[in-house]
Amino acid sequence: MDLPQDQRDTQLQKTCFSSTFLLMGVPCCTELLLLNWEAIREQRHYLSAFSPLWLAPLEFLQLTGDHLSEEFGNVNSVHKVPALKDGDFTMAESTAILLYLARKFKTADHWYPSDLQKRARVDEYLAWQHTNTRLHGSNVFLVTIVTPIILGHECDPVTLSPLLTELQTSMTYIEEKFLQDKPFIAGEEISFADLVAIVEIMQAVASGVDVFEEKPNLGAWKQRVVEALGEDLFKEAHNDLLNPKDKAQMSIAPEIMESLKVRLHRLSH
C-alpha cells in the first residue's frame, strides 16, 4: 500500500541515515542534491550527529582511509563511496543508489520519468557518462588539484593538454547530442541525467577550466539546472569540491597516498 508523502519522506530520511556521503566525492554531491530537493531538511542533523565512518560530509573519507575498514566493507565490499544501507540491504554505485531511492520513495516523476522515451534518455546518459564526463572530469581534477597536494608541485602542461581535449570532446557531445535544442537532457524538466552531468562538470570548474567558454548552449543549460535546484543548494553541495585546497593539510593515509601517486603517474605517461 502506498504511504502518504510525509511518511515516505520520513522513511527516506531514515534510510539515508546510513548512507555514506562525502561532499568532496562528486557522486555523493548528486545524492545530497536529491535529498535536499525532496525536502528532507532534517539531513542537517544526521550529517553532524552520526559516526563519521558512515556519514562524513566534511572529511576526505577516501583520503583518511576510513572507507578501507572492515566495518565499511560490510556495507560496500569494494570500499568506495557512496554506499547505502537500508535496514539489512546494502548497495553501492551512485547512479544505482539514485534509482533505488527514486523507486522506493516515489520521488517527483521528472527525476526519472515514467514516460518510456524520456526515461530512456536518462538511462542513455547515465550509461554514457561513466567513461566520458565522469572519467574526463575526474582526470582533469586529479592532475590540476590533486598533483600539488600529493606531489607538492603544479601539474605538467604536457600532461594536462590531452586531458583537456578529452574533456572538451565530452562537453561538445553533451551539448550537441544530449541537449540539442532541449532545456534539459530528457526534455522540458530536470532529471537525474542533468543532476549527474552537472556535478561531474563541476570538477572541471573546480580545476579552473571554463568548460562553458564558447559553448553558450551548455552555459545556458547549467544556469537552468542551478535555477531548478536553487542557487543556495547548488553552492552548498559543491562547496568542498570548489574549495579543495582548504583540505590540503589534512592527514592522508599512506595506502591512499600511494594509490593516488600511481594514478597520477599513469595519467602522465
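Residues numbered from 1 in each chain as written. Predicted model: local features only at pLDDT ≥ 70, side-chain atom pairs only at ≥ 80, totals over all residues. Heavy atoms only, no water.

Caption draft 1: Inspection of a negative patch on the surface at higher detail. Together, Asp109, Asp115, Glu188 and Glu189 give the surface a local cluster of negative charge. Relative to the assigned elements, aspartate 115 resides in the loop between α6 (94-105) and α7 (116-129). Judged by its relative accessible area of 38%, aspartate 115 falls in the partly exposed class. (Patch = residues over 30% accessible without salt bridge, like charges linked within 9 Å, V, L, I, M, F, W, Y side chains within 5 Å. Areas by Shrake-Rupley, 256 points an atom, 1.4 Å probe, with all protein chains shown as cover. Salt bridge = Lys/Arg side-chain N within 4 Å of Asp/Glu carboxyl O. Lys, Arg positive; Asp, Glu negative; His and termini not counted. Charge placed at Lys NZ, Arg CZ, Asp CG, Glu CD. Helix = DSSP H or I, 4+ residues; strand = E, 2+ residues; numbered from the N terminus. Buried < 20%, exposed > 50% of the residue type's maximum accessible area, 1.4 Å probe, protein only.)

Caption draft 2: Up close: helix α13 (residues 254-267). Spanning 14 residues, α13 covers 20 Å between terminal C-alpha atoms, matching the ideal 20 Å at 1.5 Å per step. When α13 is considered as a whole, its buried residues turn out to be Ile256, Leu260, Leu264 and Leu267. The arc that holds the buried residues of α13, viewed along the axis, is 70°, so those residues lie on one side. For α13, the exposed residues lying more than 90 degrees away from the buried face are Pro254 and Arg266. (Expected span 1.5 Å × (residues − 1). Arc of directions from axis to C-beta.)

Caption draft 3: Just the pattern of salt bridges, in detail. Overall, the coordinates contain five salt bridges when judged by the stated rule. The salt bridge partner of glutamate 124 is lysine 177, with a shortest N-O separation of 2.6 Å. Here glutamate 124, found in helix α7, pairs with lysine 177, found in helix α9 (residues 157-179); they are 53 residues apart in sequence, far enough to count as distant. Look at lysine 177 and you get partly exposed, because its relative accessible area is 24%. Here arginine 134 makes a salt bridge to glutamate 200, at a shortest N to O gap of 3.3 Å. Of this pair, arginine 134 sits in helix α8 (residues 133-151) while glutamate 200 sits in helix α10 (residues 192-206); the two residues are 66 residues apart in sequence, bridging distant segments of the chain. Here the salt bridges share partners, and the residues they tie into one network are Arg121, Glu124 and Lys177.

Caption draft 4: Quick look at the nonpolar core. In terms of nonpolar packing, the biggest core is built from 55 residues, with Tyr125, Ile174, Phe192, Val211 and Trp221 touching the most fellow members. Counting residues per element, the ones that place at least two in this core are α6, α7, α8, α9, α10, α11 (216-229), α12 (231-242) and α13. Ranked by the residues each element gives to this core, the list is headed by α10, at 11 residues. Sequence-distant contacts of tryptophan 221, that is, excluding residues within four places in its chain, are made with Leu179, Pro183, Phe184, Asp194, Ala197, Ile198 and Ile201. Within the second largest apolar cluster, six residues are counted, among which are Leu84, Met91, Ile97 and Phe105. (Core = buried A, V, L, I, M, F, W, Y, C linked by side-chain atoms within 4.5 Å. Contact = heavy atoms within 4.5 Å.)

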